[in-house]
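Topology and contacts: notes
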Amino acid sequence: MSAVREFEERLRTVARERYHDRHPFNIRMHQGELTPDELRRWIANRFHYQRHIPVKDALITAKLETSALRRMWLRRIQDHDGAAEGEGGIERWLRLGEAAGLDRSLLLSGRSVLPGVRLAVDGYVNFCRLRSPLEAVAASLTELSAPDIMRTRIDAFERHYRWIDGDGLAYFRTRETQGRQDSREALDLVLSWARSEDDRERAVAALAFKCDVLWSLLDAVDQADPKEGP
Ligand SMILES: O=C(O)c1cc(C(=O)O)c2c(n1)C(=O)C(=O)c1cc(C(=O)O)[nH]c1-2
């Protein structure tokens, strides 16, 4: 196998084997075992991650040196922030919250964000702020596994959590396609930028770090005091 194919295989293995679809909270979600309060707590806390994705993508965009690359990365910001008020992934996530009975003002206030979730998201944003473009882009490669988890989640919501209106699932449906494009583009960049063995090690470590971010976020949600609100 060529060195590049071997590197790609390592990245795909990390993205598969350390991905948060194996986290106990996601397993319970997919098996239909979450209570409405647990699901609401996840939605409210994951909103904190969602609203920071375009922030970290702006930090990455600032590191890219050509118009073509910046144009590519700007699309990600628009996917989340929309081209106009009332559009985009953040708006779709707020609608998911509303479909689950969460007021958008609660999500926007950040009042429900658990300390561990705040640290995990800060960790990811600061990683993208401080590390090389190669490492920041490699960290986004968890998205290699994201389209599959979106499918699993849509199926689980439609089967087990029918109290959430189906229109609320628009975020997940849109992300299935967007995630595929994002991960294809990011993988091409990482494969072409990582020239040395040292670069490849750093890229794999960046992806493993990002898996830890997603895992820690779910640890915090999973271990939250059930008496606390969403
Ligand atoms: O719900 C999920 O399981 C999940 C996972 C990930 C991921 O794997 O990083 C992302 C998303 N969703 C997502 O919605 C999203 O917009 C996104 C952007 C990124 C990224 O790192 O650039 N990951 C993810």
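Per an unreviewed UniProt entry, the protein chain goes by the name Pyrroloquinoline-quinone synthase and belongs to Streptomyces milbemycinicus. Recorded in UniProt for the protein chain, the comment headed Function (unreviewed entry) runs: "Ring cyclization and eight-electron oxidation of 3a-(2-amino-2-carboxyethyl)-4,5-dioxo-4,5,6,7,8,9-hexahydroquinoline-7,9-dicarboxylic-acid to PQQ." Note on the protein chain: under the UniProt heading Sequence similarities (unreviewed entry), the record states "Belongs to the PqqC family."

**What to know about the site of the ligand**
What surrounds the ligand is a group of 19 residues, the closest being Tyr 19, Lys 56, Tyr 124, Tyr 171 and Lys 210. With respect to the ligand, the side chain of Lys 56 contributes an N or O atom lying 2.7 Å from an oxygen atom. Tyr 171 has a polar side-chain atom sitting 2.5 Å from an oxygen atom of the ligand. In the complex, the protein chains occlude 99% of the 470 Å² of accessible area that the ligand would expose alone. Those elements that provide at least two residues to the shell around the ligand are helix H3 (36-61), helix H9 (146-160), helix H10 (170-193) and helix H11 (197-222). Looking at the shell around the ligand, the element that brings in the most residues is H3, giving five residues.

**Looking at the pattern of salt bridges**
Following the criterion strictly, the structure yields 24 salt bridges and no others. Taking the shortest distance from any N to any O, the salt bridge between Glu 91 and Arg 104 comes out at 2.8 Å. Here Glu 91 is found in helix H5 (residues 89-99), whereas its partner Arg 104 is found in helix H6 (residues 104-109), with 13 residues between them in sequence. Relative accessible area serves as the criterion here: at 25%, Arg 104 is assigned to the partly exposed category. Between Arg 202 and Asp 198 there is a salt bridge whose closest N-O contact spans 3.4 Å. Of the two residues, Arg 202 and Asp 198 are both situated in helix H11; the distance of four residues between them amounts to about one turn of the helix. Judged by relative accessible area, Arg 202 falls into the partly exposed class, the value being 42%. What makes Asp 198 partly exposed here is its relative accessible area of 45%. Salt bridges linked by common partners bring Arg 75, Arg 76, Asp 79, Glu 143, Arg 175, Asp 182 and Glu 185 together as one network.

**Notes on the packing of aromatic side chains**
Applying the stated criterion across every chain yields a total of nine aromatic pairs. Ring centres 5.5 Å apart and planes at 65° place the aromatic pair Phe 157 and Phe 172 in the edge-to-face group. With Phe 157 in helix H9 and Phe 172 in helix H10, the pair connects residues that are 15 residues apart, well separated along the chain. One exposure class covers both Phe 157 and Phe 172, and it is buried. Feature note: the residues Trp 42, Trp 93, Phe 157, Tyr 161, Tyr 171 and Phe 172 constitute an aromatic cluster, connected by ring pairs. Over the ring of Trp 73 we find Arg 76; its NZ or CZ atom is 3.7 Å from the centre of that ring.

**Regarding the nonpolar core**
Ranked by size, the top nonpolar core spans 71 residues in total, and within it Leu 11, Trp 42, Trp 93, Phe 157, Phe 172 and Val 190 carry the most contacts. The greatest single-element share of this core, amounting to twelve residues, is contributed by H11. Beyond its immediate sequence surroundings of up to four residues, Phe 172 is in contact with Trp 42, Trp 93, Leu 96, Met 150, Arg 153, Ile 154 and Phe 157.

**As for the environment of Arg 12**
With respect to the element layout, Arg 12 can be found in helix H1 (residues 3-17). Taking the relative accessible area as the measure of exposure, Arg 12 reaches 32% and is therefore partly exposed. Once the C-alpha coordinates of Arg 12 and Arg 173 are considered, the two residues, 161 residues apart in sequence, prove to be 23 Å apart. Every residue in contact with Arg 12, bar those within four places of it in the chain, is listed here: Leu 144 and Leu 187.

About the thresholds
- Residues numbered from 1 in each chain as written.
- Predicted model: local features only at pLDDT ≥ 70, side-chain atom pairs only at ≥ 80, totals over all residues.
- Heavy atoms only, no water.
- UniProt positions renumbered as here; feature names shortened; annotations may be inferred.
- Near = heavy atom within 4 Å.
- Polar contact = N/O pair within 3.5 Å; in protein donor to acceptor, adjacent residues only side chain to side chain.
- Areas by Shrake-Rupley, 256 points an atom, 1.4 Å probe, with all protein chains shown as cover.
- Helix = DSSP H or I, 4+ residues; strand = E, 2+ residues; numbered from the N terminus.
- Salt bridge = Lys/Arg side-chain N within 4 Å of Asp/Glu carboxyl O.
- Buried < 20%, exposed > 50% of the residue type's maximum accessible area, 1.4 Å probe, protein only.
- Phe/Tyr/Trp six-rings, centres within 6.5 Å; stacked < 30°, edge-to-face > 60°.
- Lys NZ or Arg CZ within 6 Å of the ring centre and 35° of its normal.
- Core = buried A, V, L, I, M, F, W, Y, C linked by side-chain atoms within 4.5 Å.
- Contact = heavy atoms within 4.5 Å.

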